[in-house]
Amino acid sequence: MTVSAMLTLLVQGFGKSLEIFTLTLLGSLPLGLLVMFGRRSRVAPLRWLVKLFISVMRGTPLMLQLMVVYYGPFLLFDFTPPGNWRFGAVIVGFVINYAAYFAEIYRAGYESIPVGQFEAAQVLGYTGAQSFGRILLPQMIRRVLPPVTNEVITLVKDTSLASVIGTVEMFTRAKQIVASPNTPGMLALAAAGLFYYVFNYIVAFAMERAERSLAYYQ
Amino acid sequence: MKKLISLALALVLSLSLIACGAKQDDTPQTGADTPDTTQTAEKQKLIVGFDAEFPPFGFIAADGSYDGFDLAMAEELCSRLGWDFEAVPIVWDSKDAELAAGTINCIWNGFTYTGRENDYTWSDPYVDNSIVMVVKADSGISALADLAGKSVMAQAASSAVDAINANESLKSSLKEVVELADYNTGFMELKQGSVDAIAADLGVAKFQIASNEGDYVILDEPISTEQYAIGFLKGNTELRDAVNAELLKMAEDGTMLSIAEKYVDQGLVIDSLCLVK
Amino acid sequence: MNVLTMQDVRKSFGSLEVLKGISLTVGEGEAVSVIGPSGSGKSTLLRCATLLETMDGGLLAYGNDFAATMDAEGKSVYADKAALRRIKSRFGLVFQQFNLFPHYTVLKNVTDAPLTVQRRERGEVRELALSLLEKMGLADKADAYPCQLSGGQQQRVAIARALALRPDILFFDEPTSALDPELTGEVLKVIRDLAEEKMTMVIVTHEMAFARAVSDRVIFMDGGVIVEQGDPEQVLGDPAQERTRRFLRSYQT
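Small disclaimer: the values here were computed from a predicted structure and weren't measured.

1. What to know about the overall build of chain A
Thought 1: From N to C terminus, chain A includes eight helices and zero strands.
Thought 2: The order of helices and strands in chain A, counted from the N terminus, is α-α-α-α-α-α-α-α.
Thought 3: With respect to the three principal axes, the spread of C-alpha positions in chain A is 70 × 50 × 25 Å.
Thought 4: Burial statistics for chain A: of 218 residues in total, 54% are counted as buried.
Thought 5: A separation of at least 24 residues holds for 77% of the contacts in chain A among residues at least 6 apart in sequence.
Thought 6: With the model as given, the accessible surface of chain A reaches about 9400 Å², and the carbon-plus-sulfur share is 66%.
Thought 7: Counting 17 positive and 10 negative side-chain charges, chain A places the centres of these two groups 3 Å from one another.

Structure below.
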């Protein structure tokens, strides 16, 4: 296999990794907010349930969760989810796992906002939704940006776990290339490593810019 | 809204908990009611699960397509029967789950029959392979007995591991058996000396030696002899019978041999094709 | 018509009874100072009046608008959400810790609630906000962020923010306690100006001289009850109650 053929295959694999990355963030960032609300709910059973959910999501390997999501419907209910479930399961598994982590990060950020901010909004007559959207959420976002950056970078690397249920993303692709006849040694893995690094560098750079753009107040 | 969310969360949660429990007993589902494989008005489809890191039986080609002796055979078989063909690269460890879930309906990828006779519904064996030991040419190891106190690598959950485990005296003489996900990693380890030998299928071993000429040798004495066949979900005799009949025809009329010759360069051993003989 | 009516207000935290049946009315244009040792219940009284705490018993009304009425046993029965939201526009509260919104400019801190909560017209709100800032001596700080201001300046923005909602009555919860001594003067001056304009105010404070100068009436609270109230000269200069005298003595030393 030529180097250019190898790079073409890797770029395809990277496209799949990028797809997992993007869809996971689009799903888990908002879902994390809902999970946080559940975690802070005044309804005790809901709170316990969400707490258990978070605990399971954080306490078991993502790899296992992906397998449960993928095989579960077949093995438990003899049910075949429609469409490309091999990929669908990857997205569902990643989204709920990351939502659990984001929920806890959000919660830490939310609870670190001084109580005076809540009271000021309340006395000024803001509704719950108004005070959340206008007063609390912006301050929360600023507080959670650094830990969220951490998770996002971890996600870039975690995309390789999708291979466990047979979704061929960049890392699996690199391993396949290495295994195929007449390939230049471990080059594909080294190239994949570089891809991951460069992409994470860009992510970190973008998040740093975002942090700086919110640094106008203390 | 909140109630809906809590309901959804509860569902996901209970599903994962139940499934965690269900995964403990690793037996594939038995019984004939398998999804996808029953012949209906729809066109029959053969979904072949394979390991894309297992040349010459399955690997990725330069154009990104999946290639290999077994896949070429499967594709030819499907076109002869007028079936749809799909090759699904799977994680080898998950092959039973994939089969049980119906996401594949056969495993056709240098799949060892020996020792798994009762776990699947099998085609006739078409390759007679052996598990052999590969060592560095300059290691001074020339027989299985020389491996006492040495580290041996084998692919995790592969028949090479089973072969070592079955050979008590060999196993107890070894320092350790290192189980890695694929053989390329294994040969890297062999090269740098972190393992002393690699237990592998003959075809895999020949392929690795061919691409690293003179560096490695295969010990004359095999660990075990074994046969490859096509594995189907246990009880799925209907699909097995159809595939097997056509497989025998392909062996008979020379198709198998002519396909096999294309993969000799990748390490396929023509002599091992027992249906052709 | 009284601007604020509180009647027989009771509040406990667990087994600790903090307010033991307080009644208080404030007339239009009146400036009332509330003094007393810490733990006397004066801050809790303010928090009950501004709906930050829920009263256990008692009545609370702004003008004719009842935030809470009493049932037969004297327990508080609160009005519905919509009524309470309406009532919140009738008072303003200035916190000890300012509690400005750090991500908004000074101007937006002042204009956001009138625009978002009261849905008033943008031009009018902006004009009012700028004139309030001018009055607070902060005309040049409209585009600054709270973190760029001194504590005294922040507290004056907080007063402007409360006034922008055009409340009938303004509450101050120890407005100078979090400030360095040299910054208290500028805040007290603003409050004094408001008193001269006959703004109705209830001020919880430790500044005795200030209370004497601006108040129409001084209330001394201790142990969850009003011990004494009346003309500032009388309460602070010649208190009738021994507890008041003791408190004032400890204060002067």
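After that view of the structure, there is still more to cover.
2. A look at the side chain of Arg161(C)
Thought 1: Along the chain, the position of Arg161(C) falls in helix α5 (residues 151–163).
Thought 2: Buried and unpaired, Arg161(C) has Asp112(C) as its nearest opposite-charge partner, separated by 8.7 Å.
Thought 3: Apart from the residues within four sequence positions on either side, Arg161(C) is in contact with Ala120(A), Leu124(A), Phe98(C), Asn99(C), Leu100(C), Phe101(C), Asn109(C) and Val110(C).

3. Remarks on the interface of chain C and chain A
Thought 1: In this complex, chain C contributes 25 residues to the contact, which on the side of chain A involves 19 residues.
Thought 2: Between chain C and chain A the total buried area reaches about 2100 Å² when both faces are included, carbon and sulfur atoms providing 60% of it.
Thought 3: For the interface between chain C and chain A, the tally reads two salt bridges.
Thought 4: Put simply, Glu119(A) and Arg47(C) hold a salt bridge, and the shortest N to O gap is 2.6 Å.
Thought 5: Here chain C and chain A share twelve residue pairs in polar contact (both at pLDDT 80 or more) between them.

4. Some thoughts on the arrangement of the chains
Thought 1: When the two pairs of chains in contact are ranked by number of contacts, first place goes to chains A and B.
Thought 2: These two, chain B and chain C, are apart from each other, with no contact and a minimum C-alpha gap of 20 Å.

5. A closer look at the packing of aromatic side chains
The geometry of an aromatic ring pair is captured by two quantities: the separation of the ring centres and the angle between the planes.
Thought 1: Applying the stated rule across the entire model yields 30 aromatic pairs over all chains.
Thought 2: Pairing Tyr216(A) with Tyr217(A) gives two aromatic rings, centres 5.0 Å apart and planes at 65°, and the pair type is edge-to-face.
Thought 3: With relative accessibility at 5%, the residue Tyr217(A) sits in the buried group.
Thought 4: Measuring from centroid to centroid gives 6.4 Å for Phe69(B) and Tyr263(B), while their planes differ by 65°, and the two rings are edge-to-face. Of the two residues, Phe69(B) sits in helix α2 (residues 69–81) while Tyr263(B) sits in the segment after α9 (255–261), which places them 194 residues apart along the sequence. Here Phe69(B) matches Tyr263(B) in class, with each residue buried.
Thought 5: Ring pairs connect the aromatic residues Trp92(B), Phe111(B), Tyr113(B), Tyr120(B) and Trp122(B), which therefore count as one cluster.
Thought 6: Sitting above the plane of the Tyr217(A) ring, Arg142(A) keeps its charged end 4.5 Å from the centroid.
Thought 7: Sitting above the plane of the Tyr104(C) ring, Lys108(C) keeps its charged end 4.6 Å from the centroid.

6. A few points about the pairing of strand β7 (residues 91–94) of chain C
Residue and element names in this part refer to chain C.
Thought 1: Residues Phe91 and Leu93 line one face of β7 and the alternating positions Gly92 and Val94 line the opposite face, and both faces are buried.
Thought 2: As paired strands, β7 and strand β8 (residues 169–173) are joined by four bridges and run parallel to one another. Within β8, the position partnered with Leu93 by the bridge is Phe171.

7. Details of the confidence of the model for chain C
Low pLDDT marks regions whose predicted coordinates should not be analysed in detail.
Thought 1: On average, residues of chain C carry a pLDDT of 94, and 99% of them reach 70 or more.
Thought 2: The ipTM for the predicted assembly is 0.92, set against a pTM of 0.79.

The rules behind each value
- Residues numbered from 1 in each chain as written.
- Chains lettered and ligands numbered in written order.
- Predicted model: local features only at pLDDT ≥ 70, side-chain atom pairs only at ≥ 80, totals over all residues.
- Heavy atoms only, no water.
- Helix = DSSP H or I, 4+ residues; strand = E, 2+ residues; numbered from the N terminus.
- Buried < 20%, exposed > 50% of the residue type's maximum accessible area, 1.4 Å probe, protein only.
- Contact = heavy atoms within 4.5 Å.
- Areas by Shrake-Rupley, 256 points an atom, 1.4 Å probe, with all protein chains shown as cover.
- Lys, Arg positive; Asp, Glu negative; His and termini not counted.
- Charge placed at Lys NZ, Arg CZ, Asp CG, Glu CD.
- Salt bridge = Lys/Arg side-chain N within 4 Å of Asp/Glu carboxyl O.
- Buried area = accessible area lost by both parts, 1.4 Å probe.
- Polar contact = N/O pair within 3.5 Å; in protein donor to acceptor, adjacent residues only side chain to side chain.
- Phe/Tyr/Trp six-rings, centres within 6.5 Å; stacked < 30°, edge-to-face > 60°.
- Lys NZ or Arg CZ within 6 Å of the ring centre and 35° of its normal.
- Pairing = 2+ DSSP bridges.
- pLDDT = per-residue confidence, 0-100.

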